[in-house]
Amino acid sequence: MSQNKRPLSPFMLGDAYKFQITSVMSFLHRLSGIALVFIMFVIAAWFAGIAAGPDAYHAVQGFLTNWFVLIFVFIGTFAACYHFCNGIRHLFWDAGKGIDMDSARKSARLVQIGAIVLGLIIIVAGFMA
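Keep in mind that this is a model prediction, so the values were computed, not measured. Every chain is numbered on its own, with residues counted from 1 as its sequence reads. Reporting in this predicted model follows two pLDDT cut-offs: at least 70 for local features of residues, and 80 or more for side-chain atom pairs to be given and counted; totals over whole chains, interfaces and linings ignore these cut-offs and use all residues. Calculation of side-chain values draws on the structure's entire complement of heavy atoms; hydrogens and water are dropped beforehand.

Trainee: Break down helix α1 (residues 21-52) for me, with residues and values.
Mentor: Per the convention used, a helix needs a DSSP run of H or I reaching at least four residues, while a strand needs a run of E reaching at least two, with both numbered from the N terminus. Multiplying one less than the number of residues by 1.5 Å gives the expected span of a helix. In a regular helix each residue adds 1.5 Å, so 32 residues correspond to 46 Å; α1 covers 46 Å between its end C-alpha atoms and thus fits that length. Where α1 is concerned, the buried positions are M25, H29, S32, L36 and G49. Buried residues along α1 sit against α2 (54-64), α3 (67-94) and α4 (101-128). In this scheme, a residue with accessible area under 20% of its type's maximum is buried, one over 50% is exposed, and one in between is partly exposed, where area comes from a 1.4 Å probe on protein chains only. What makes two residues a contact is simply this: any of their non-hydrogen atoms within 4.5 Å.

Below, the structure written as structure tokens:
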């Protein structure tokens, strides 16, 4: 431990560790990646319903348009948008751009705003179609 008695690792949680925007964004990136796996299963089921014929398609479509499932579709849409925007942020980091803490905080805010805006555009376009 250092002199100020703060843990050296963010994995040592407790009252000594203060969450930072970069650690929260990293956790959300991993969580959104896990959510994308479940989204892929739903998309695969939808494609399987299409391939299986009209009756199977209508059964899958009826399930996917249930209000409870639509909530997860909305959450999944925002998870995909967040993961996409944060992935672009990581590409810039891989190129050595925006690594300092001030730039990391600014890019974190841009990712949050961009994910919300992109998610709203996708949802509005989806319901207008």
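Now that the structure has been shown, the text picks up again.
Trainee: For the nonpolar core, give the residues involved together with the corresponding values.
Mentor: Definition of nonpolar core: a set of buried residues of the types Ala, Val, Leu, Ile, Met, Phe, Trp, Tyr and Cys, connected through side-chain atoms within 4.5 Å. By size, the foremost hydrophobic cluster in this structure holds seven residues: M25, C81, Y82, C85, A108, V111 and A115. Where this core is concerned, the elements lending two or more residues are α3 and α4. The contact partners of M25, leaving out residues within four places of it in the chain, are Y82, N86, R89, A108, V111 and Q112.

Trainee: An account of the packing of α1 against α4 is requested, with residue identities and associated values reported.
Mentor: It is the contact of α1 with α4, at a shortest axis distance of 10 Å, that shows an interaxial angle of 45°. In terms of orientation, α1 lies oblique with respect to α4. Between α1 and α4 lies a crossing of left-handed hand. Seen from α1, the contacting residues are I21, T22 and M25; seen from α4, they are M101, A104, R105, A108, V111 and Q112. Throughout, an axis means a line fitted to C-alpha atoms (over the contacting stretch in the case of helices), and angles, computed between N-to-C directions, take values from 0 to 180 degrees. Our angle categories are set so that under 35 degrees counts as roughly parallel, over 145 as roughly antiparallel, 65 to 115 as roughly perpendicular, and the remainder as oblique. The hand of a helix crossing depends on one turn: near helix anticlockwise from the far one by less than a right angle means left-handed, and clockwise means right-handed.

Trainee: Tell me about the environment of M25, and please be specific about residues and values.
Mentor: For M25, the position within the fold is in helix α1. Here the alpha-carbon distance between M25 and H83, two residues 58 residues apart in the chain, equals 10.0 Å.

Trainee: Can you break down the packing of aromatic side chains residue by residue, with the values?
Mentor: Side-chain rings of Phe, Tyr and Trp, where Trp is taken by its six-membered ring, are said to pair if the distance between their centres is within 6.5 Å; with planes under 30 degrees apart they count as stacked, over 60 as edge-to-face, and otherwise as tilted. One pass over the full model with this rule turns up four aromatic pairs. Considering the side-chain rings of F68 and F72, the 5.3 Å spacing of their centres and the 75° angle between planes classify their relative orientation as edge-to-face. With F68 and F72 both in helix α3, this residue pair falls four residues apart, about one helical turn. Relative to F127, the ring of F74 has its centre 5.7 Å away and its plane inclined at 55°; by these criteria the two rings are tilted. With F74 in helix α3 and F127 in helix α4, this residue pair connects regions lying 53 residues apart in the sequence. On the accessibility criterion, F74 (29% relative accessible area) is partly exposed. Put simply, the rings of W67, F68 and F72 pair up and form one aromatic cluster.

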